[in-house]
Amino acid sequence: MTDVVPSNTVEINDAVFCSSHFKEVCTDCDVDLREENDGFFGFDSNIDRDGLEAPPTGQNKDNVPQCKKHSSPTCTQCYGWKKQITRARAAAKKAGKK
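The rules we used
- Residues numbered from 1 in each chain as written.
- Predicted model: local features only at pLDDT ≥ 70, side-chain atom pairs only at ≥ 80, totals over all residues.
- Heavy atoms only, no water.
- Pairing = 2+ DSSP bridges.
- Helix = DSSP H or I, 4+ residues; strand = E, 2+ residues; numbered from the N terminus.
- Core = buried A, V, L, I, M, F, W, Y, C linked by side-chain atoms within 4.5 Å.
- Buried < 20%, exposed > 50% of the residue type's maximum accessible area, 1.4 Å probe, protein only.
- Contact = heavy atoms within 4.5 Å.

Draft legend 1. Region of interest: the pairing of strand β1 (residues 9-12). By the bridge criterion, four bridges tie β1 to strand β2 (residues 15-18) in an arrangement that is antiparallel. Bridge pairing links Ile12 to Ala15 in β2.

Draft legend 2. Just the nonpolar core, in detail. Ranked by internal contacts, the top residues of the largest apolar core, which has 14 residues, are Ile12, Phe17, Phe41, Tyr79 and Trp81. Secondary-structure elements contributing two or more residues to this core are β1, β2 and α2 (81-94). Formed by six residues, the second largest nonpolar core is a distinct cluster that contains Cys26, Cys29, Val31 and Leu33.

Draft legend 3. Molecular detail of the side chain of Gln66. For Gln66, the position within the fold is in strand β6 (residues 65-67). The class of Gln66 is buried, set by a relative accessible area of 14%. Non-local contacts of Gln66, meaning those with residues more than four positions away in its chain, are made with Pro56, Thr57, Gly58, Gln59, Asn60, Ser71, Ser72, Pro73 and Tyr79.

Note that all results are geometric; they support no functional claim without further evidence.
Structure follows, in structure tokens:
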């Protein structure tokens, strides 16, 4: 499989989301970026976890996405994706999703 990220996406602190709604799984934009994000953060994609959603996000003067709460493009409090993916995977495993 080729790692091709659709053009209607945006990278926020190393994770990829739809550029319109900042969702990892977006039916409106027809994207599912869980496999790309799981792979980047060192997880295999064998668990059907819920998709992540970025918190309120704006752009800095360089048009780089940043959290609105802390005005930081690398905010680990808002953009702690690895921790959020770990929690989502544990919840999916507990719920019996595969």
